[in-house]
Amino acid sequence: MSEENNSGGNPVSVQIDFVGKSRLKNMKTMEKIRLIIDSVKDNKVVVLEAGLTPDEEGRLVEMTMQQIGPEQNFSGLEIERYNREQSKGGLLSRIVSSNNKQSKLTIIGPANKLQTVENEDMMQAIISG
Amino acid sequence: MSYLKSWKRRFVNLFDVFGGEEAPESIGVYGPPNSGKTTLTNQIIQDCTEAEDKDDLMGSSSEVPHETRKAKKQEDITIEHNNEEIALSIIDTPGVDTQVDYEDFIEFDIDEDEAVDRSREATEGIAEAMHWLRGDVDGVIYMMDSTKDPFTQVNTMILGIIESQDIPALILANKIDLEESSVDRIRNAFPQYDVVPVSALQGDNMDEVYKSISENFG
């Protein structure tokens, strides 16, 4: 669990759930999507070791849209994927990484609470409370 | 399931080669909100159909995100190139995003009740657009705003889905009339796609767009 401070200086807890590759492998698509959406609606951040397939990501967006509404206090989610390979290299590495069917480390959190910052040596995920 | 649809698409194409009747291709225009999808489809309708007045156009465009909230199909579009004609249907889709907040509409002086309605319509439209990507479009024109960083999670995700479904696709780098435009930035981000510069608003380079549509989807 990570702690951030809100505008009043009071610590706000952000729960981060790590879901390993072996667990993901044994889950059906709808199980993964439900896990993600339920967690994010609960203001948690989900880290998937292996990420989702393109079809799963499409279905995740589709189902997320069905959950959005002011009455549910839910406006969607933020997805950040981190290539294992350097994705902003030269032409060849870009083609290789875009064709790389292996899932990428993926962080999914509530909308507007997750941001990626890229520095020279690393990528940072910033989670707002 | 996606590989079955990919093989179905290949089978249909093979049938066409041996003289089967060709059905007009359904080409979906996808992209993030405010990338110019509706502006492009309106331009195509004006150029390639008998449309004479604004009532025949696909819809209105504005700076308010999610102006298009429901997918709309225009049939009977004929694109001519090199003395050949191809018949298409064009589907203008809502801008895809992973989040829709009704408060964003309020910032554009839209009252709260209407903002909530727009937000609900936008989410329904996006869900429908994502569903159509799984087998209801034969090709995709992907619109990007060339003044913005193309390497976004939504762009990567949608193009990844398109690639996994084996759907032929073409990227249009829109808004080249603006000073901040950088087409090369899009080409570098997605080198595996044809990237055609265009200003859908001004109608600049539409000949190249029609040529690419003909080559990619004909």
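Going by the structure above, here's the rest.
Residues numbered from 1 in each chain as written. Chains lettered and ligands numbered in written order. Predicted model: local features only at pLDDT ≥ 70, side-chain atom pairs only at ≥ 80, totals over all residues. Heavy atoms only, no water.

Asker: Could you clarify how one ought to interpret the overall build of chain B in this entry?
Answerer: Scanning chain B for helices and strands turns up seven helices and six strands. When its helices and strands are written in sequence order, chain B yields α-β-α-β-β-α-α-β-α-β-α-β-α. Of all 218 residues assigned to chain B, the portion counted as buried reaches 49%. The long-range share in chain B, meaning contacts at least 24 apart out of those at least 6 apart in sequence, stands at 71%. Of the roughly 10900 Å² that chain B leaves accessible, carbon and sulfur atoms contribute 44%. (Helix = DSSP H or I, 4+ residues; strand = E, 2+ residues; numbered from the N terminus. Buried < 20%, exposed > 50% of the residue type's maximum accessible area, 1.4 Å probe, protein only. Contact = heavy atoms within 4.5 Å. Areas by Shrake-Rupley, 256 points an atom, 1.4 Å probe, with all protein chains shown as cover.)

Asker: Whenever I open this one, the pairing of strand 4 (residues 139–145) of chain B confuses me. Can you help?
Answerer: Residues and elements named next belong to chain B. For strand 4, a buried count of seven out of seven residues is recorded, marking the element as mostly surrounded by other parts of the structure. With burial as the criterion, each face of strand 4 is covered, one bearing Gly139, Ile141, Met143 and Asp145 and the other bearing Val140, Tyr142 and Met144. Examined bridge by bridge, strand 1 (residues 25–30) and strand 4 share four bridges and lie parallel to one another. Of the residues in strand 4, the one forming a bridge with Ile27 is Gly139. In the sheet, strand 4 pairs with strand 5 (residues 169–174) via six bridges, with the strands oriented parallel. Looking across to strand 5, one finds that Ile141 is bridged to Leu170. (Pairing = 2+ DSSP bridges.)

Asker: Would you take a moment to explain the environment of Tyr102 of chain B for this structure?
Answerer: Secondary-structure assignment places Tyr102 of chain B in helix 3 (residues 102–106). Accessibility expressed as a relative area gives 17% for Tyr102 of chain B, which makes it buried. Note: C-alpha distance between Tyr102 of chain B and Ile79 of chain B (23 residues apart in sequence) is 38 Å. Aside from chain neighbours lying at most four places away, what touches Tyr102 of chain B is Pro70 of chain A together with Glu112, Ala115, Val116 and Ser119 of chain B.

Asker: Please clarify how the interface of chain A and chain B should be interpreted in this entry.
Answerer: Often, the extent of an interface is quoted as the loss of accessible area on bringing the components together. Taken together, the 28 residues of chain A in the interface contact 26 residues of chain B. Summing both partners gives a buried area of about 2300 Å² for chain A against chain B, and 56% of it is carried by carbon and sulfur. There are one salt bridge connecting chain A and chain B. Here Glu62 of chain A ties to Arg134 of chain B by a salt bridge, and the two come within 2.7 Å at their closest N and O atoms. Counting every contact that joins chain A to chain B gives eight residue pairs in polar contact (both at pLDDT 80 or more). Those elements giving two or more residues to the side of chain A that touches chain B turn out to be helix 3 (54–67), strand 5 (77–82) and helix 4 (91–99) of chain A. Broken down by element, the residue count for the side of chain A that touches chain B peaks at nine residues, all from helix 3 of chain A. (Buried area = accessible area lost by both parts, 1.4 Å probe. Salt bridge = Lys/Arg side-chain N within 4 Å of Asp/Glu carboxyl O. Polar contact = N/O pair within 3.5 Å; in protein donor to acceptor, adjacent residues only side chain to side chain.)

Asker: Sorry, what's going on with a negative patch on the surface here?
Answerer: Residue and element names in this part refer to chain B. On the surface, Glu103, Asp104, Glu107, Asp111, Glu112 and Asp113 cluster together to form a negatively charged patch. Elements represented by at least two residues in the negative patch include exactly helix 3 and helix 4 (112–132). Take Asp111: it is sitting in the loop between helix 3 and helix 4. (Patch = residues over 30% accessible without salt bridge, like charges linked within 9 Å, V, L, I, M, F, W, Y side chains within 5 Å. Lys, Arg positive; Asp, Glu negative; His and termini not counted. Charge placed at Lys NZ, Arg CZ, Asp CG, Glu CD.)

Asker: What's the story with the sheet that holds strand 4 (residues 45–48) of chain A in this structure? I'm lost.
Answerer: Where strands meet in a sheet, backbone hydrogen bonds hold them as pairs that are either parallel or antiparallel. Residues and elements named next belong to chain A. What the four strands build is an open sheet, ordered 3-4-6-5; its pairing is mixed. Each edge of the open sheet is held by one strand with a lone partner, namely strand 3 (16–19) and strand 5. Within the sheet, the average angular offset between the axes of one strand and its neighbour, ignoring direction, is 15°. Here three bridges tie strand 4 to strand 6 (residues 105–110), and the two strands are oriented antiparallel to one another. Within strand 6, the residue paired with Leu48 across the bridge is Thr106. (Axes fitted to C-alpha atoms, helices over the stretch in contact; angles between N-to-C directions.)

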